[in-house]
Every structure is written in C-alpha cells, then in structure tokens.
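Survey of secondary and tertiary structure
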Amino acid sequence: MEKKENNEELLAFLKRKGFVYQGSEIYGGLAGIWEFGHLGKLMKNNLENVWKNYFLSLGDEFYEIEGSIIMPKNVFVASGHLDNFDDPLAECFKCGNTERADKIIEEKLKIRVESSTDKELLKILNDNKLYCSKCKSKFEKVSRFNMMFPINFGPKEGSTVYLRPETAQTPYLNFKTQYELLRKKMPLGLAVIGKAFRNEISPKHSLIRCREFEQAELQIFFNPREINNEQITDTNTFSEIKNEKLKIILKDERNKPEKEISASKLLDYGLPKYYVYHMVKVQEYILQILKIPKEKFRFYELNDQEKAFYNKNHFDMEYYSESLNDWVEIGGVHYRTDHDLGGHQKISQVNLSVLDEKTNEKYIPHVLELSFGHWRNFYFLIEEHLKFDKKRENNILMLPPKIAPLKAAIFPMIKQPEYEDYARRIFNELKKEWNIAYDKSGSIGRRYARNDEIGTPFCITIDQDSIKNKDVTIRNRDNTKQIRVKSSELKDIFKKLINEEIEFEKAGKLI
Ligand code: GAP
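A brief look at the structure comes next. From a predicted model like this one, the values you see are computed outputs, not experimental measurements.

Quick look at the overall build of the chain
- Scanning the chain for helices and strands turns up 15 helices and 27 strands.
- A compact globule built from 511 residues would reach a C-alpha radius of gyration of about 24 Å, and the chain, at 25 Å, matches this within 12%.
- Relative to its full complement of 511 residues, the chain shows a buried share of 55%.
- If you take every contact in the chain between residues at least 6 apart in sequence, the share linking residues at least 24 apart comes to 66%.
- Of the accessible surface of the chain, which amounts to about 23,900 Å², a share of 48% is contributed by carbon and sulfur atoms.
- Charged side chains in the chain number 83 positive and 79 negative. The centres of these two groups are separated by 3 Å.

Structural data, given as structure tokens:
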C-alpha cells in the first residue's frame, strides 16, 4: 500500500466520490463553505455516533444537548469573544488583498507565531520576503480582525446578534437548567455536535479552515475542590491510567522532539489529575477508535501567550498530515475554569452557582472542555485511511467499519431471477439495520473496486452455490479474503464484524 494524495488530490477524491464539495457550486462556490453528499453525510453521522458512544460514556451524567446557533451580543461580551476572538490580518495596500499573517509564516517558515505581536508579524513577513500572494508586493500592515459573524436580527431596526463561533457557549447557557433537571449531580457533562461560524481571513484546505463548520465538544462541569481527587467517576480512578504514556511537546521544550510522558509524571509537572485523566481518554479515542497510528498523534502545550484567552491549561491534539506535510490541530483539551460561567453570571445577572453538599458552600463550577473539530477529524480520517493498493491498482478507503459510510454491498453473481430474489431478500433484511448497497451492474471486479474505494468494509455475494447451500460469501475489503457463512447466521455474524467483536477469518469458513 502506498500513500500519495496531497490536499488537492484528496479534495478531488472527496468530490469525485460525492463525499464533500464546495457550497453553492453552480453559482461559482463560496470560499470556506462546504457541503456533504450522501456518502459524506453517512460517514459524518457514523463519526458522530462513534464520538458520542465514547465520550458520553466517560461520566455517569454526560448527555448530548442541542442549541441555537444564533445568540445575543451579551453572550459574547460575557464569554470574551467580542474583545478577544481575533486573528492577525495582513493587508496589501497595492492590490487590496488580505491574508492571515500568522498562517503565511507558519506554512512557509514552519515556525509557530501565536505569541507574536502584529508589529513582529509584519517584520517577519517583510524580513523573509513573504509577499502578497496576488500582486507580490510587500504587506503594509498587520492588525487584529475579529472573526465573529454579526447578523441583523429582525426587520429594519433589528438588533445585532451573532452566529456562535464555538458550540461551547450552548452548554454554558443551558447549564443551570440541565443541572436542576438532572437532580443536581456533578460532574455534569453536556456535549454538542453542531455548527460553528468564524469569519476566517483566509479559508483554506477545504474542511480544515472553513467559515462554517462543525465541532464536537464536551463541556464537563465539575467542583474545582475535586480536581485532584483519586476517584474520577463512581467507578474509575486515576491509578487505573497512571502508567499510560502520552506523546507531548511541552511549552518550554519546543526545540526538542516529542517525548513520551506517563500520566503520573504529568502530575509532577503540575497538571491536575482530572485534566490528565481526560487527556489519556482523548488519546485512547484517537488511537484505538479512530485508528490513527501512534506516530501521527501528539499533544502540544500552548504557553501563556499562545493559549486561548479562556484557558488555564491548553493542550492541542495534533495529527501529522501527510497531505499538508505538517502537524495540524484537530482538537484541544481545555481547562476553562469558571471563565465562562462566571462571565455569564456577571452579565446576565442570573446566579449560576451550585451548592457543595459536603461543605455547604456555593461555588461556580469549573469546566474541562474536550473540543474536537468534527470536520477536520472527518477530513483526516479519510486522509489516514485512504491507501493506494498497487496490486489492485485502486484506492482502498480502509475506514474502521463503524465509520464507513456503507457497511456492505450485496452482489448477485448470477443473472437469473432466483439468484437476484435471494440477494434481494438478504439486502432487505440487512437494510433494516444498516446502510448497505445492492449492486448488480458491471463485472464483479468493478463492483468490488467501486466499494473498496468508498470504504465499504464487506461485500456479500450470492454465487452459484448459495441457493443450494443456503449461504453467502463475505469478502473483506482490507485483504480481499473471503468466507462462507450460512444465511441464517449472516445478521449475527455481520453485526459482530462491524463492531469488530470477531476476527474475520474466524467468522466463517475461509474460501
Ligand atoms: N470551544 C473551544 C474551541 O472552539 P478552538 O481551538 O477554537 O477551540 C476547536 O476550536 C477545534 O475546532 C479546533 O481544534 C479545530 O479542529 C476546529 N476548528 C477551528 N476553527 C476551524 C475552522 N475555521 N474550520 C474548521 N475547523 C475549525
């Protein structure tokens, strides 16, 4: 197997197969706006379910909620986004072009400059002859540009409201209501998978930097007095994970290669137990559920100048992208303290504190945020699992079966009504539970190839022996091996194969 795609090739693949393409294409497209075709939407739904199954099971009181993307101005006065949520805008006075100063530098010089001032950024651009990409003139100015999307709410004299720039604010505004409804139990986890909007200066690389995108974020509200407790949930302790190793670049060790640090050593470094426990769980999700190779994942600690304005501790999750030839942020583990609830309490004048039953004192809960760029994760999952197989001369999208858009394709091999009826019956039965395809057109080789390329993990054929033996064959996408299974057992075996509860070779009689 060999990897080959760069960002443009990957995008061409996504479009050709109908996963993802630019929004409003027939009108020339809109920069930073993307749409999902049927395979993309199926895969995105599956990724959401995998994320929810994993992260909502981390706590006894973790739930998903859904909220509006439109919020009043005061939400973002309280959260700090109106004052602080900005990026450095480089302006070319000659042609009027604008670009994102820090990203030009990061991409061209491979250095991170989150902590540089606008003046320093302009100097780096000019010293390194990083000129306007349109007219090749010097940039004249770098200044801050706020990324919030204001909209006019109501006719004529309507007020200015904003599209949310992160899903996180929804749980903060819902916290008190959910806390009361859920019998006042802490920690309380509220997750949102949904749209966020940022008026990015230079949207780029399709799903990686868009103006409209989705995030999957879990906000865990907890009592800060318990941040170093050994007991993490009713049934889980810190000791269970204390020897787990995490690959990290620490903020003061930028020039050294990543190092593996055990969870217990991170406590000596000064991180709280509750924080480190969740870093371990995030890594477990990325390596074991998304099947990202260990060498392509790391945590990257942000220093005081770099970290988001709401964070006390901030580690990005990073994936090494071969298509971009760089490490790219796919999410973050954020200790947001009481920054948001405190801000909302102050501006809304609604009391958001809760009672600590042990001490009888009131406190504002702190928040640990596990934040994932849902669309970036989607994109990198395809990048990671799309391989070119020289022997088959075809792309094979080796997604984990749970995430693959279609779980199976059913092929009748013989063009006779009884074989097609038999295949149809199997299709109708499996279709009640899974997204599967029925494909009777083209050679069997073409049908396999089509499905390999879109990631269908199993192809089920009805061949010349199937009616006589009351069985079918199942072919494995990744190694093309085939097994025979009785049709009466197919549903059960198929379920186990998708959930990876059984080895393929042991699921039936190897052919
Ligand atoms: N609630 C915290 C938060 O929003 P963030 O680092 O600004 O933190 C979280 O965003 C994740 O959302 C990022 O790690 C990234 O994966 C994704 N993301 C951010 N901006 C994006 C954009 N313009 N397009 C696509 N994904 C983006």
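Overview of helix H12 (residues 417-431)
- With 15 residues, H12 extends 20 Å between its outermost C-alpha atoms, agreeing within 8% with the 21 Å of an ideal straight helix rising 1.5 Å per residue.
- Buried residues along H12 sit in contact with strand E22 (408-412), strand E23 (436-438), strand E24 (458-462), helix H14 (466-469), strand E25 (471-476) and helix H15 (487-498).

A short note on the environment of Leu122
- When you line up the elements, Leu122 lands in helix H6 (residues 118-127).
- Sequence separation of Leu122 and Pro88 is 34 residues, and the distance between their C-alpha atoms is 9.7 Å.
- Those residues in contact with Leu122 that lie beyond four places of it in its chain are Phe139, Glu140, Lys141 and Val142.

Concerning the pattern of salt bridges
- Enumeration over the complete set of coordinates arrives at 55 salt bridges.
- Lys185 is the partner of Glu61 in a salt bridge, and the nearest nitrogen-oxygen pair spans 3.3 Å. Taken as a pair, Glu61 in the loop between helix H2 (38-55) and strand E3 (62-64) and Lys185 in the loop between helix H7 (169-181) and strand E10 (188-197) lie far apart in primary sequence, 124 residues in all.
- Lys296 is the salt-bridge partner of Glu322, the closest N and O atoms lying 3.0 Å from each other. Pair noted here: Glu322 is in the loop between strand E15 (313-321) and strand E16 (326-337) and Lys296 is in the loop between helix H9 (273-289) and strand E14 (297-301), with a separation of 26 residues, a long-range link.
- What you see here is one network of salt bridges that share partners, running through Arg112, Glu114, Glu258, Arg298, Asp316 and Glu318.

Some thoughts on the packing of aromatic side chains
- Per the counting criterion, the structure on display carries 27 aromatic pairs.
- Between the aromatic rings of Phe175 and Tyr179, the centroid separation amounts to 5.5 Å while the plane-to-plane angle is 25°, which identifies the pairing as stacked. A residue pair is termed a helical-turn pair when its members lie 3 or 4 positions apart in one helix, as Phe175 and Tyr179 do in helix H7 at four residues.
- The exposure class of Phe175 is buried, given its relative accessible area of 0%.
- On the accessibility criterion, Tyr179 (5% relative accessible area) is buried.
- Here Phe427 and Tyr438 contribute two aromatic rings whose centre-to-centre distance is 5.5 Å and whose plane-to-plane angle is 55°, an arrangement assigned as tilted. Taken together, the residues span a long stretch of sequence, with Phe427 in helix H12 and Tyr438 in strand E23 at a distance of eleven residues. Across the pair, Tyr438 and Phe427 agree in class, each one buried.
- Every member of this aromatic cluster is reached through a ring pair, and the members are Trp51, Tyr54, Phe55, Tyr285 and Phe372.

Notes on the site of the ligand
- Close contacts around the ligand come from 21 residues, with Glu166, Glu200, Glu217, Glu329 and Glu369 the closest.
- One nitrogen or oxygen atom from the main chain of Gly331 is found 3.2 Å from an oxygen atom belonging to the ligand.
- In this structure, a nitrogen atom belonging to the ligand sits 3.4 Å away from a side-chain N or O atom of Arg336.
- When the free accessible area of the ligand is taken as 550 Å², the share hidden by the protein chains comes to 94%.
- Of all the secondary structure elements, the ones that give two or more residues to the shell around the ligand are strand E11 (212-222), E16 and strand E19 (366-373).
- A breakdown of the residues in the shell around the ligand according to their chemical character gives seven nonpolar, five polar and nine charged.

Quick word on the layout of surface pockets
- A volume near 740 Å³ is recorded for the second largest pocket.
- For the second largest pocket, the lining is made up of 30 residues, of which Lys184, Lys185, Met186, Pro187 and Glu226 are closest to its centre.
- Of all the elements in the fold, those that place two or more residues in the lining of the second largest pocket are H7, H9, strand E17 (354-356) and strand E18 (361-363).
- Partitioned by chemical class, the residues of the lining of the second largest pocket number eleven nonpolar, seven polar and twelve charged.

Comments concerning the packing of helix H1 (residues 7-16) against helix H11 (residues 374-385)
- Two numbers describe how H1 lies on H11: the axes approach to 11 Å, and their chain directions differ by 100°. Judged on the interaxial angle alone, H11 and H1 are roughly perpendicular. The segment H1 lies against H11, with Asn7, Leu10, Phe13 and Leu14 engaging Tyr379, Ile382 and Glu383.

Quick word on the nonpolar core
- One finds Phe19, Phe55, Met279, Tyr285, Phe299, Leu370 and Phe372 to be the most contacted residues of the largest nonpolar core, which totals 82 residues.
- Counting residues per element, this core draws most heavily on H9, at nine residues.
- Formed jointly, this core draws a minimum of three residues from each of two domains, domain 1 (44-83 + 147-383) and domain 3 (406-510).
- When neighbours within four sequence positions are excluded, Phe372 is seen to be in contact with Trp51, Phe55, Gln215, Ala216, Glu217, Val282, Tyr285, Ile286, Met317, Ile330, Gly331 and Asn377.
- Counting 26 residues, the second largest nonpolar core, distinct from the first, contains Ile426, Phe458, Ile474 and Ile483.

Rules used throughout
Residues numbered from 1 in each chain as written. Predicted model: local features only at pLDDT ≥ 70, side-chain atom pairs only at ≥ 80, totals over all residues. Heavy atoms only, no water. Helix = DSSP H or I, 4+ residues; strand = E, 2+ residues; numbered from the N terminus. Rg over C-alpha atoms; globule rule 2.2 N^0.38 Å. Buried < 20%, exposed > 50% of the residue type's maximum accessible area, 1.4 Å probe, protein only. Contact = heavy atoms within 4.5 Å. Areas by Shrake-Rupley, 256 points an atom, 1.4 Å probe, with all protein chains shown as cover. Lys, Arg positive; Asp, Glu negative; His and termini not counted. Charge placed at Lys NZ, Arg CZ, Asp CG, Glu CD. Expected span 1.5 Å × (residues − 1). Salt bridge = Lys/Arg side-chain N within 4 Å of Asp/Glu carboxyl O. Phe/Tyr/Trp six-rings, centres within 6.5 Å; stacked < 30°, edge-to-face > 60°. Near = heavy atom within 4 Å. Polar contact = N/O pair within 3.5 Å; in protein donor to acceptor, adjacent residues only side chain to side chain. Nonpolar A, V, L, I, M, F, W, Y, C, P; charged D, E, K, R; others polar. 1 Å grid on protein atoms, 1.4 Å probe; cavity = no way out; pocket = protein on both sides within 12 Å on 5 of 7 lines; lining within 4 Å. Points joined across faces, edges and corners; volume = space filled by probe spheres on them. Axes fitted to C-alpha atoms, helices over the stretch in contact; angles between N-to-C directions. Parallel < 35°, antiparallel > 145°, perpendicular 65-115°, else oblique. Core = buried A, V, L, I, M, F, W, Y, C linked by side-chain atoms within 4.5 Å. Domains from an automatic or database assignment.

Remember that the coordinates give geometry; whether it matters functionally is a separate question.
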